[in-house]
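Residue strings, one per chain:
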Amino acid sequence: MYKKYLFLSAVFAVTFLLFPLFMSSQPVTQPEAGLTGEPARQVAEHPVLDFNIPPLLMPYMETAPELRSRAAVMIDVETGTVIFAENPHMEIPPASLTKLMTMHLVKRAVADGHFSLDDVVPFGEESWAENQPPRSSLMFLGPGQVVTMREIMIGLAVPSGNDAAVAAAVHVSSTVEDFVHEMNLEAQRMGLSSTRFVEPSGVSPYNMTTAADFAAFSREYVRLHPQSLTDFHSIRNFAFPTASHMLPGYHPRVIVQNNNNTLLRLFPGTDGLKTGFIGASGFNIALTAERDHTRFVTVILGAPAVAGGARIREADGNDLFGWAFENFRTVRPFIENIEPVRLWKGSDDNARLVAAGSKSFTSPVSRSNSLWYYVELNGPLVAPVPAGYHAGYLVLIDSIGEVNRVPLVTAEAHDSGSAFRRFWHSIRLAFER
């Protein structure tokens, strides 16, 4: 008993001597980079992928299919989790996948109020089919036609018209050169460091991308323009020009063209996006499909540029989708309120924490049917703290173990409490630790 009293006396004596230190304000710690702000907006501006496969998914990676294409990346659209990657940073011309960037800039111009999809697009001779490079895929634009931007977009998505790409570029930016400049600025803004464009259709071998870059871009395209999947990319065929497209005195030669994305009919749930081919790249495809509230995006580049290369591209896409939907799903936990945590040396007793980002995660199909959570703090939360201070993690678990953790930040700023409160909490913290 005597030793206990002696110990407590020593503690109080040391505390008294250190009292002036406890009275001084602690520096305000700034929020950790990447844990505050507007997560959805920042992801859209910088959709760079993390190729570190979560441990939860690792056991399933060995079952992934072997591909014959040179490069591929598959991601969960909602979470951004990489499900599959093969040569993700190999530079390969995107071919007509380029038209997705062209369509993205058209949609952006529409959103900015520059024109409507239902506006008639005036186009000159540079957009006529007969003036496109040899062996071009074409919408078959020509003189005497009346065409809306919506039809130009279908002409980009379904027959993959190089003429449609020129018409869209000139309508958005006045010249093809100015439009290409905008394409490269947008790629740079999005953080697509290996992607560059020299023209808007994909016919040039000097356009360049990687499976990583284009998968990141395709994810954002789907998130920003979901209606485009129905309006453009899932259309099976396109007849043009019809009588409704012709001025009086001009007679149409109607040409019906099918969408080259054969997985639209072969793999249920597929509703986009775009195919491409030039000799320098081989057969490329950007794909998306949704089943049971889970959506994946896949970019496959460089299927062999040989007879039957399109079927190899199709088989690779089919195998990847089949494997992904069999093994993985998007989980969206609903947690209405996180209990406030203890705040030390502050004017408030507790601090409210909020998730810094989405709680959704990619899970094996066999896991996460029943979830629990707990809050794991980085340490005692000591005032003063700013709003957005990284305080710890929301840890999600199932019956087997941890499945995900989400950074937690302070919802509001908290000032220091009174001198006595800081002194008293300093003593209590000494014993808490």
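Structure: above.
Report on the accompanying structure.

Regarding the overall build of the chain
- The number of helices and strands found in the chain is twelve helices and 16 strands.
- Long-range contacts, defined here as pairs at least 24 residues apart, represent 69% of the contacts in the chain between residues at least 6 apart.

Considering the packing of helix α4 (residues 98-111) against helix α5 (residues 149-157)
- Where α4 contacts α5, the axes come no closer than 10 Å and their chain directions differ by 160 degrees. Between α4 and α5, the interaxial angle falls into the category roughly antiparallel. Between α4 and α5 the crossing geometry is left-handed. For the pair α4 and α5, the contacting residues are Lys 99, Thr 102, Met 103, Val 106 and Lys 107 in the first and Met 149, Met 153, Leu 156 and Ala 157 in the second.
- Per-class residue counts for the contact of α4 with α5 are six nonpolar, one polar and two charged.

Quick notes on helix α6 (residues 162-173)
- For α6, spanning twelve residues, the distance from its first C-alpha to its last is 17 Å, which sits close to the expected 16 Å at 1.5 Å a residue.
- Where burial is concerned, most of α6 is hidden: nine out of the twelve residues are buried.
- Buried within α6 are the following residues: Asn 162, Asp 163, Ala 164, Ala 165, Val 166, Ala 167, Ala 168, Ala 169 and Ser 173.
- For α6, the secondary structure elements touched by its buried residues are α4, α5 and α7 (176-189).
- A positive phi of about 75 degrees marks Ser 174, the residue just after α6.

Some thoughts on the sheet that holds strand β11 (residues 353-355)
- Here we have four strands laid out as an open sheet, ordered β11-β16-β15-β13, and antiparallel in their pairing. Of all strands in the sheet, those bounded by a partner on one side alone are β11 and β13 (372-377). Taking each pair of neighbouring strands and ignoring which way they run, the sheet shows an average axis angle of 35 degrees.
- Strand direction decides the pairing type here: β11 and strand β16 (residues 402-410), joined by three bridges, are antiparallel. Looking at β16, one finds that Leu 353 is bridged to Thr 410.

What counts and what doesn't
Residues numbered from 1 in each chain as written. Predicted model: local features only at pLDDT ≥ 70, side-chain atom pairs only at ≥ 80, totals over all residues. Heavy atoms only, no water. Helix = DSSP H or I, 4+ residues; strand = E, 2+ residues; numbered from the N terminus. Contact = heavy atoms within 4.5 Å. Axes fitted to C-alpha atoms, helices over the stretch in contact; angles between N-to-C directions. Parallel < 35°, antiparallel > 145°, perpendicular 65-115°, else oblique. Left-handed = near helix turned anticlockwise from the far one by under 90°. Nonpolar A, V, L, I, M, F, W, Y, C, P; charged D, E, K, R; others polar. Expected span 1.5 Å × (residues − 1). Buried < 20%, exposed > 50% of the residue type's maximum accessible area, 1.4 Å probe, protein only. Pairing = 2+ DSSP bridges.

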